[in-house]
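Remarks on the overall topology
The chain contents come next:
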Amino acid sequence: MQAAGILTAVAGGIAISGCSEPKPMAFEPNLVHAMKYELKEGIEMEQASNDAFWIVTEMFGTPEQPKLPDAATEDEDFATLVSLDNLIMASGPADAEGRGLYQKHCAVCHGVSGDGRGSSSAILNPYPRDYRKGVFKFKSTERGEKPTREDLATLIKHGIEGTAMVPVPKLNDKQLATHLGKSIDSMSEAEVEAAKEEVLEEQVEALTDYVIYLSWRGELERTLIDDAIFELDLEGGDRIINPSHRNSTDEEEKELFDEGWEIAEDYVLEIADAWLAAPDMVVEVPEPPADIPVADNYDEYVALQNGDEAETLAKSVARGKELYMGKIALCSKCHGVKGMGDGQTTDYDDWTKEWTLGIGIKPENRDDLIPLLARGALPPINAKPRNFTTGLFHGGGTAEDLYLRITQGIEGSPMPAATFVDGEFEEDDVWHLINYLRSLQNPPETEETTEEPATTEVAAR
């Protein structure tokens, strides 16, 4: 999610270059997901795509008038997943009073539909996240599970270091006064800051709900298309649902409609259940063993190097290097021998693989990809391994963050979860590996202080 300010110049440049008026604020069908099946199976998918899109529109509404599926709101547990009030606050045009948060801060990169196809997406690397797959890279939960609300809220509030994903900004004084509907002149500085923080928390909560909403909606659309391919005889005339049969007096037609709707509702609840289960799937990160000193950042690492535990740290780093270069952890294969991210650099993320390699098309064969690119796919770009020498970690740089990335991998990316082997690469070894990664960071450059040059008058004296 991006704060609007960071890409103002980019957006301005796009406008100046002669782009037409912005597209209307409307959800778009997932044409790429349907087309990949059309190419792979040789089955016309337009009707199935239209039917799936009709269902998600009926259940989730529009960008201006979002709603939630009845099957979810009527259940006490599922009704807690997202707040409709929050969706109203996040949805709508950017200039709508008390609304429009997503358009203001996120849509320029992530797109109105949450498809990662905002107006600036094509110039970013990696591309902004496509929420509709229901997969998120940086989270505290086990591989294969949804992120927690806190995971999403943290990324929205603080951004992702080293990327175009910047923090959602606090209101300025004028905006706060407008939001509160009163002058803030009588408020103390501390009260003003507290009010700004409170509003920010409310906005982050609303945006968190809206991201879940977009992901939920998008994953349902994908699932309905998947189900149609694997369970229906589309060539024989089967349909996901026929909207014209909703109120049909023909018993068979009405029964077919109800059956299709019930299947969709089952999927809605299945996806919602995965989101609700996320807090129970959080990985418990253990404390490092007492005999392994571990730093949370580079400054702490340097302090350990120069402290009483310097020798112990050096041994840990040596063990970490051994693992890094070894055939089990195999970190150097992608990240390079010196950790500069220059190893295997020709791989792709799962979002790209799904509609390229997944249907037998090489991402480099652009001619074969034309039907998919024409329907909204962005040109494939390679997934870049992290360059450890920069000290920038997109998923967070604390020891706990790195432990999660190593043990769980990075979902949707070529970064796999660690495979432990008794006696060769065990769980405690992760801390050695973290120490070695920290050792690869280049020291931050210090600003050199230079004396002011003498003025002509002084020099003449």
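Residues numbered from 1 in each chain as written. Predicted model: local features only at pLDDT ≥ 70, side-chain atom pairs only at ≥ 80, totals over all residues. Heavy atoms only, no water.

1. Points about the overall build of the protein
Heads up, the condition is: Runs of H or I in DSSP of at least four residues are treated as helices and runs of E of at least two as strands, each being numbered from the N terminus. When accessible area is computed with a 1.4 Å probe and restricted to protein chains, residues below 20% of their type maximum are described as buried, those above 50% as exposed, and intermediate ones as partly exposed. For this analysis, residues touch if any pair of their heavy atoms sits within 4.5 Å. What sets the accessible areas is the Shrake-Rupley method with a 1.4 Å probe; for residues, cover comes only from the shown protein chains. We score Asp and Glu as negative and Lys and Arg as positive, and we do not count His or the chain ends. Charged groups are reduced to one reference atom each: NZ for lysine, CZ for arginine, CG for aspartic acid, CD for glutamic acid.
For the protein, the count of helices and strands is 19 helices and zero strands. In terms of principal-axis extent, the alpha carbons of the protein reach across some 95 × 65 × 50 Å. Residue burial in the protein is summarised as follows: out of 461 residues, 45% are buried. Of the contacts made within the protein by residues no fewer than 6 positions apart, 67% connect residues no fewer than 24 positions apart. When the accessible surface of the protein is totalled, it reaches about 24,300 Å², and 49% of it is carbon and sulfur. Of the charged side chains in the protein, 40 are positive and 89 negative, and the gap between their average positions amounts to 7 Å.

2. Remarks on the nonpolar core
Counted only if it meets this: Among the buried residues, those of types Ala, Val, Leu, Ile, Met, Phe, Trp, Tyr and Cys that are joined through side-chain atoms within 4.5 Å form a nonpolar core.
Judged by nonpolar contacts, the single largest core of 54 residues is most densely connected at Met45, Trp216 and Leu220. Taken together, the elements giving at least two residues each to this core come down to α2 (31-41), α3 (46-60), α5 (84-90), α6 (101-105), α8 (149-158), α10 (189-231) and α11 (251-277). Looking at this core element by element, the count peaks at 15 residues for α10. Filtering out sequence-adjacent residues up to four positions away, Trp216 remains in contact with Phe60, Leu68, Pro69, Ala72, Leu81, Val82, Val268, Ile271 and Ala272. Formed by 28 residues, the second largest nonpolar core is a distinct cluster that contains Val285, Tyr298, Tyr324 and Cys331.

3. Thoughts on α3
Here is the rule: An expected span of 1.5 Å times one less than the residue number is assigned to each helix. Working definition: the arc comes from the directions between the helix axis and the C-beta atoms, pointing outward to the latter.
With 15 residues, α3 should reach 21 Å at 1.5 Å per residue; the first-to-last C-alpha distance of 21 Å fits that figure. Among the residues of α3, Ala48, Ser49, Asp51, Ala52, Ile55, Val56, Met59 and Phe60 are the ones counted as buried. Along the long axis of α3, the arc covered by the buried residues comes to 165°, so they all point the same way. Where α3 is buried, its residues contact α2, α10 and α11. Downstream of α3 by a residue or two, Gly61 has a phi angle that is positive, lying close to 75°.

4. A closer look at a negative patch on the surface
Worth spelling out the cut-off: Residues enter a patch when their relative accessible area is above 30% and they make no salt bridge; the linking distance is 9 Å between like charges and 5 Å between nonpolar side chains (Val, Leu, Ile, Met, Phe, Trp, Tyr). Between Lys or Arg on one side and Asp or Glu on the other, a salt bridge is scored when a side-chain nitrogen of the former is within 4 Å of a carboxyl oxygen of the latter.
On the surface, a cluster of negative charge is made up of Glu76, Asp77, Asp250, Glu251, Glu252, Glu255, Glu259, Glu262, Asp266, Glu270 and Asp273. Looking at where Glu252 falls in the secondary structure, it is placed in helix α11.

5. Thoughts on the packing of aromatic side chains
Worth spelling out the cut-off: We call Phe, Tyr and Trp rings a pair once their centres come within 6.5 Å, taking the six-membered ring for Trp, and we label the pair stacked below 30 degrees between planes, edge-to-face above 60, and tilted otherwise. For a Lys NZ or an Arg CZ to count as sitting over a ring, it must be within 6 Å of the ring centre and within 35 degrees of the ring normal.
Using the criterion set out here, one finds 17 aromatic pairs in the structure. Taking the centre distance of 5.9 Å and the plane angle of 20° together, the rings of Tyr131 and Phe136 count as stacked. Over the aromatic face of Tyr37 sits the side chain of Lys36, whose NZ or CZ is 5.0 Å from the ring centroid. Between the NZ or CZ atom of Arg246 and the centre of the ring of Trp261, over which it lies, the distance is 5.4 Å.

6. Quick look at the side chain of Lys137
Along the polypeptide, Lys137 turns up in the loop between α7 (107-110) and α8. Here Lys137 is buried and forms no salt bridge, its nearest opposite-charge partner Asp349 lying at an N-O distance of 5.9 Å. Apart from the residues within four sequence positions on either side, Lys137 is in contact with Arg129, Trp351, Ile410, Glu411 and Ser413.

7. Focus: helix α18 (residues 429-439)
Within α18, ten of the eleven residues are buried, leaving the element largely enclosed by the surrounding structure. As for α18, its buried residues are in contact with α12 (298-305), α13 (310-325) and α17 (399-408).

8. What to know about the confidence of the model for the protein
For clarity, the cut-off: One number per residue, pLDDT, summarises how confident the predictor is, and it ranges from 0 to 100.
Taken as a whole, the protein shows an average pLDDT of 92; of its residues, 92% reach a score of 70 or greater. Every residue in residues 1-20 scores below 50 in pLDDT, and together they form 34 contacts with partners more than four places removed in sequence or on other chains. Across residues 449-461, confidence stays below pLDDT 50; counting only partners more than four residues off in sequence or on other chains, it has zero contacts.

9. What about the packing of α2 against α10?
Spelled out, the test is: Convention adopted: a line fitted to C-alpha atoms gives each axis, helices being fitted over their contacting stretch, and angles between N-to-C directions are expressed from 0 to 180 degrees. Throughout, the term roughly parallel applies to angles under 35 degrees, roughly antiparallel to angles over 145, roughly perpendicular to angles from 65 to 115, and oblique to all others. Left-handed describes a crossing in which the near helix is turned anticlockwise from the far one by less than a right angle; the clockwise case is right-handed.
Relative orientation of the contacting elements α2 and α10 amounts to 20°, with a least axis distance of 10 Å. With respect to their mutual orientation, α2 and α10 come out roughly parallel. Between α2 and α10 the crossing geometry is right-handed. Of the residues in α10, those in contact with His33, Ala34, Tyr37 and Glu41 of α2 are Arg222, Ile225, Asp226, Ile229 and Phe230.

10. Some points on the pattern of salt bridges
As enumerated under the stated definition, the model contains 23 salt bridges in all. The salt bridge partner of Lys146 is Glu219, with a shortest N-O separation of 2.7 Å. Of the two residues, Lys146 is situated in the loop between α7 and α8 and Glu219 in helix α10; the sequence distance between them amounts to 73 residues. Summarising the burial analysis for this pair, Lys146 and Glu219 share the class buried. Taking the shortest distance from any N to any O, the salt bridge between Lys196 and Glu193 comes out at 3.8 Å. Of the two residues, Lys196 and Glu193 both sit in helix α10, three residues apart, roughly one turn of that helix. Lys196 gets classed as buried once you look at its relative accessible area, which sits at 10%.

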